[in-house]
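Structural overview
Residue-level listing of the chains:
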Amino acid sequence: MMTPLLAGNWKMNCVRGEAIALAQAIADGSTDVVGREVLIAPSFTCLAAVSEVLADSNVLLAAQDLYWEDSGAFTGQISAAMIRDTGAGHVIIGHSERRALFGETEYTVAKKVQAAYAAGLTPILCVGETREQREAEKTMDVVERQLRGGLCEAAAECFDTLIVAYEPVWAIGTGLTATPEQAEHVHGHIRTVLATLADHGVEENIRILYGGSVKPDNIDSLMACPNVDGALVGGASLKAEDFLRIVHYQE
Ligand code: PEP
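First, a word on scope: everything that follows refers to the structure included in this document.

The rules behind each value
- Residues numbered from 1 in each chain as written.
- Predicted model: local features only at pLDDT ≥ 70, side-chain atom pairs only at ≥ 80, totals over all residues.
- Heavy atoms only, no water.
- Helix = DSSP H or I, 4+ residues; strand = E, 2+ residues; numbered from the N terminus.
- Expected span 1.5 Å × (residues − 1).
- Buried < 20%, exposed > 50% of the residue type's maximum accessible area, 1.4 Å probe, protein only.
- Contact = heavy atoms within 4.5 Å.
- Near = heavy atom within 4 Å.
- Polar contact = N/O pair within 3.5 Å; in protein donor to acceptor, adjacent residues only side chain to side chain.
- Areas by Shrake-Rupley, 256 points an atom, 1.4 Å probe, with all protein chains shown as cover.
- Nonpolar A, V, L, I, M, F, W, Y, C, P; charged D, E, K, R; others polar.
- Axes fitted to C-alpha atoms, helices over the stretch in contact; angles between N-to-C directions.
- Left-handed = near helix turned anticlockwise from the far one by under 90°.
- Pairing = 2+ DSSP bridges.

1. With respect to helix H8 (residues 180-197)
- Under the 1.5 Å per step criterion, the end-to-end length of H8 is 26 Å for 18 residues, consistent within 8% with the ideal 26 Å.
- Residues of H8 that are buried include every one of Ala183, Glu184, Val186, His187, His189, Ile190, Arg191, Val193 and Leu194, and no others.
- Turning to H8, the residues buried within the fold contact strand S5 (122-127), helix H6 (131-135), helix H7 (139-150), strand S6 (163-166), strand S7 (207-211) and helix H9 (219-223).

2. As for the site of the ligand
- The ligand sits among 14 residues. The nearest are Lys11, His95, Glu167, Gly173 and Ser213.
- In the model, an oxygen atom of the ligand is placed 2.7 Å from a nitrogen or oxygen of the glycine 173 main chain.
- The contact in question runs from an oxygen atom of the ligand to an N or O atom on the backbone of glycine 234, over 2.8 Å.
- In isolation the ligand exposes 290 Å². Once the protein is present, 97% of that is buried.
- Here the residues of the shell around the ligand sort into four nonpolar, eight polar and two charged.

3. Some words on unusual backbone geometry
- Residue lysine 11 is not a glycine yet carries a positive backbone phi of 50 degrees.
- Relative to the helices and strands, lysine 11 is located in the loop between strand S1 (5-9) and helix H1 (16-29).
- Here serine 213, not a glycine, exhibits a phi torsion of approximately 55 degrees, which is positive.
- On the accessibility criterion, serine 213 (8% relative accessible area) is buried.

4. Quick look at the environment of histidine 187
- On the secondary structure map, histidine 187 appears in helix H8.
- For histidine 187 and asparagine 227, which are 40 residues apart along the polypeptide, the C-alpha to C-alpha distance reads 5.8 Å.
- Contacts of histidine 187, omitting those with residues within four sequence positions, involve Tyr166, Ile208, Leu209, Tyr210, Asn227 and Val228.

5. Focus on the packing of H1 against helix H10 (residues 240-247)
- The geometry of H1 relative to H10 is characterised by a closest axis approach of 10 Å and an angle of 35 degrees between their N-to-C directions. Between H1 and H10 lies a crossing of right-handed hand. Of the residues in H10, those touching H1 at Leu22, Ala25, Ile26 and Gly29 are Ala240, Phe243 and Leu244.
- Residue classes in the contact of H1 with H10 are distributed as six nonpolar, one polar and no charged.

6. Thoughts on the sheet that holds S5
- Read once around its circumference, the closed barrel built from eight strands follows the order S1-S2-S3-S4-S5-S6-S7-S8, with strand pairing classed as parallel. Adjacent strand axes in the sheet meet at a mean angle of 25 degrees, parallel and antiparallel pairs treated alike.
- Two elements, S6 and S7, share four bridges in a ladder whose sense is parallel. In the sheet register, tyrosine 166 faces S7, and the bridge partner there is tyrosine 210.
- Relative to the sheet, helix H2 (residues 47-54) contacts strand S2 (37-41) and strand S3 (59-63), its axis offset from that of S3 by approximately 170 degrees.

7. So, the pairing of S3
- S3 sits mainly inside the fold: four of its five residues count as buried.
- Here S2 pairs with S3 via three bridges, running parallel. Note on S3: the bridge partner recorded for valine 38 is valine 59.
- In this sheet, strand S4 (residues 90-93) lies alongside S3 in parallel orientation, the contact comprising two bridges.

8. Concerning the pairing of S5
- Counting buried residues along S5, six of its six residues qualify, which places the element largely inside the surrounding structure.
- Here S5 shows two buried faces, one formed by Thr122, Ile124 and Cys126 and the other by Pro123, Leu125 and Val127.
- As paired elements, S4 and S5 share four bridges and run parallel to each other. The partner of histidine 90 across the bridge, within S5, is threonine 122.
- Here four bridges tie S5 to S6, and the two strands are oriented parallel to one another. Residue isoleucine 124 lies in a different strand from S6, and its bridge partner there is isoleucine 163.

Right, here's the structure in full:
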């Protein structure tokens, strides 16, 4: 049995004081969590402060992106080692906002995945189709291309820890959620693609999170899908009460 992961992506929200308060509320509300993992991804500037808040908690910490070079003349970039240095153990890579707004490509995603592993960070690799691609029945092709592209440099052992997030772009921040049937269908396909990349059977233990307007009122039905192993939550992770309800799904 895989341990479900409930992850909050705070995006470009919260200055330090707000981040500390939100992280504390989530840590306090997660003390009773068993059999599932909780993770939050604040902005870079809040990672160190939030790391201190989470030190004695069972909440994991992630960055929202990284740059693949170790150091050097790359103004404004943050390396994997810098992220590790804050205490974070995970990093989100290839979020659709980065692909759409900041020119992320299969090439840059693959470089970032490789850099994450090299530094001992666990990547949460995001894939997902736009509304136009879904309407053109290209969902499976798009997701497969993003997986193969992002993982083309990944060594066999990387698949032991890899986390994938299926985030249909049309569902992110829109209030539209994939139905459990739609999510299950794509998650099943993702696992089939992973089976062709990872060593035999390893794909069965790769967590595939669903993301896209996950809320307290839809988490239970999404988590009932056999191939949905957790959630990557944007907007609803910014309110401790909502996120904690998501963390405590089906209870
Ligand atoms: C996200 O950005 O990862 C996300 C899923 O956002 P939201 O939950 O707000 O749709």
